[in-house]
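The residues making up each chain are set out below.
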Amino acid sequence: MNQATRAALFSFLLVPGGGQIYLKRYARGMAFLVPTAAATLILAWMIFQVVLMIVREKLSGGAGTTGILLSVENALKATDLNLALGLVILILLLWLSSTIDAYRLGKN
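Residues numbered from 1 in each chain as written. Predicted model: local features only at pLDDT ≥ 70, side-chain atom pairs only at ≥ 80, totals over all residues. Heavy atoms only, no water.

(A) Spatial organisation of the side chain of threonine 36. Within the element layout of this structure, threonine 36 appears in helix 3 (residues 26-59). Among residues more than four places away in sequence, those in contact with threonine 36 are Pro16, Ile91 and Leu94. (Helix = DSSP H or I, 4+ residues; strand = E, 2+ residues; numbered from the N terminus. Contact = heavy atoms within 4.5 Å.)

Below, the structure is given as structure tokens:
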């Protein structure tokens, strides 16, 4: 397996920026890794907040399946779904561009 393919696989399969770090382009790798990690942490925090809200409502007296569905509906209403979608798109774009960039760097 050549260096370009290996770098692209590191970026695609492990973490965005992994291929750049493999190619010893540390600053470039961090330029992909840091925003991806930050977006992932924010998205995970948003998901945690939704789950926490559902659990709190359930513990405070939601009954049966209807109570759970109402809790989910209330939690999703309180969440900025546009921000969540934007973060998912950002993560995917960073992942794809990191893979392409690592492959091109490996070719040079």
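(B) Local environment of helix 3. For helix 3, spanning 34 residues, the distance from its first C-alpha to its last is 47 Å, which sits close to the expected 50 Å at 1.5 Å a residue. Along helix 3, the positions that sit buried rather than exposed are Gly29, Phe32, Thr36, Ala39, Leu43, Met46, Val50 and Ile54. (Expected span 1.5 Å × (residues − 1). Buried < 20%, exposed > 50% of the residue type's maximum accessible area, 1.4 Å probe, protein only.)

(C) Just the nonpolar core, in detail. Core analysis: the biggest nonpolar cluster contains 6 residues, these being Ala39, Leu43, Met46, Ala84, Leu87 and Ile91. If you list the elements that add at least two residues to this core, you get helix 3 and helix 5 (81-107). Ignoring any residue separated from it by four or fewer positions in sequence, one finds leucine 43 in contact with Ala84, Leu87, Val88 and Ile91. (Core = buried A, V, L, I, M, F, W, Y, C linked by side-chain atoms within 4.5 Å.)

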